[in-house]
Amino acid sequence: VYSCPCPTVTISNTSPTTCGGTDGSIKICGLIPGKKIYTVNYSKNGVPQSAISNITVDSDGCYVMTGLGAGAYTNIRVTSLSCTNPTPLSSTLKDPGPGSPQLSANTQTAVCSGKSIVLEGSCPSGSVIGWYSDAATTSSVSVNQTITAPISFYATCITNPGGCKSDNPLKV
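Residues numbered from 1 in each chain as written. Predicted model: local features only at pLDDT ≥ 70, side-chain atom pairs only at ≥ 80, totals over all residues. Heavy atoms only, no water.

### Brief notes about the environment of Thr 39
- As for its placement among the helices and strands, Thr 39 is situated in strand E3 (residues 38–44).
- When the C-alpha positions of Thr 39 and Thr 79 are compared, they lie 5.1 Å apart, and in sequence the two are 40 residues distant.
- Beyond its immediate stretch of four places on either side in the chain, Thr 39 contacts Ala 51, Ile 52, Ser 53, Asn 54, Arg 77, Val 78 and Thr 79. (Helix = DSSP H or I, 4+ residues; strand = E, 2+ residues; numbered from the N terminus. Contact = heavy atoms within 4.5 Å.)

### Comments concerning the sheet that holds strand E12 (residues 127–132)
- Pairing within the open sheet is antiparallel, and its 3 strands lie in the order E12-E13-E14. Of all strands in the sheet, those bounded by a partner on one side alone are E12 and strand E14 (170–171). (Pairing = 2+ DSSP bridges.)

### What about the state of the cysteines?
- For the structure shown, the criterion picks out 3 disulfides.
- Between Cys 19 and Cys 164 runs a disulfide, and the two sulfur atoms are separated by 2.0 Å. Judged by the sign of its S-S torsion, about 90°, the bond between Cys 19 and Cys 164 is right-handed. A residue pair is termed long-range when its members are at least 10 positions apart, and Cys 19 in the loop between strand E1 (10–14) and strand E2 (24–29) and Cys 164 in the loop between strand E13 (154–159) and E14 qualify at 145 residues.
- Under the relative-accessibility criterion, Cys 164 is labelled buried at 7%.
- Here Cys 29 connects covalently by a disulfide to Cys 62, the sulfurs 2.0 Å from one another. What sets the handedness of the Cys 29 and Cys 62 disulfide is the S-S torsion sign, and at about 110° it is right-handed. In this pair, Cys 29 sits in strand E2 while Cys 62 sits in strand E6 (residues 62–68), placing the two residues 33 residues apart along the sequence. One exposure class covers both Cys 29 and Cys 62, and it is buried. (Disulfide = S-S within 2.5 Å. Buried < 20%, exposed > 50% of the residue type's maximum accessible area, 1.4 Å probe, protein only.)

### Brief notes about the environment of Ser 90
- Structurally, the position occupied by Ser 90 is in strand E9 (residues 89–93).
- For Ser 90, a relative accessible area of 51% puts it in the exposed group.
- Measuring from C-alpha to C-alpha, the distance between Ser 90 and Ser 43 comes to 9.1 Å, with 47 residues separating the pair along the chain.

By themselves, these figures tell us nothing about what the structure is for.
This is how it looks when you write it as structure tokens:
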């Protein structure tokens, strides 16, 4: 009879290298090298995925889940025979942002009531600029609008296609 302790695992990740790419990975370590007695279960963005059975563990005691896209990988559990790691693990993979926008207007310029300012920006090739009313870049604003001060805008670059945004939007 082969007996094995419950796995005590650690994980690390590598995010995809392109927007919408699937070259990300999650590395699970702390396994017994050379043994095919493990099954990995996990969810992606809250949706349970198919179990990965009889995984091949390398000589360092690690297994690498490959071909992964951006998302929240949660409830990662490794089972050995009938014993599962006691604490489910999680890892988040992110698409890379296209870079920050370059703005042509002085972002510290005060604009008096009834006056206007032109805000223009540019982004790296393959992306477009997006204007938002919140730092989380979830509420887009239309261009050529009249606003009531005080207000701040946030500019970010958006990959086209794919929709990946700059990691750090600029406050205007």
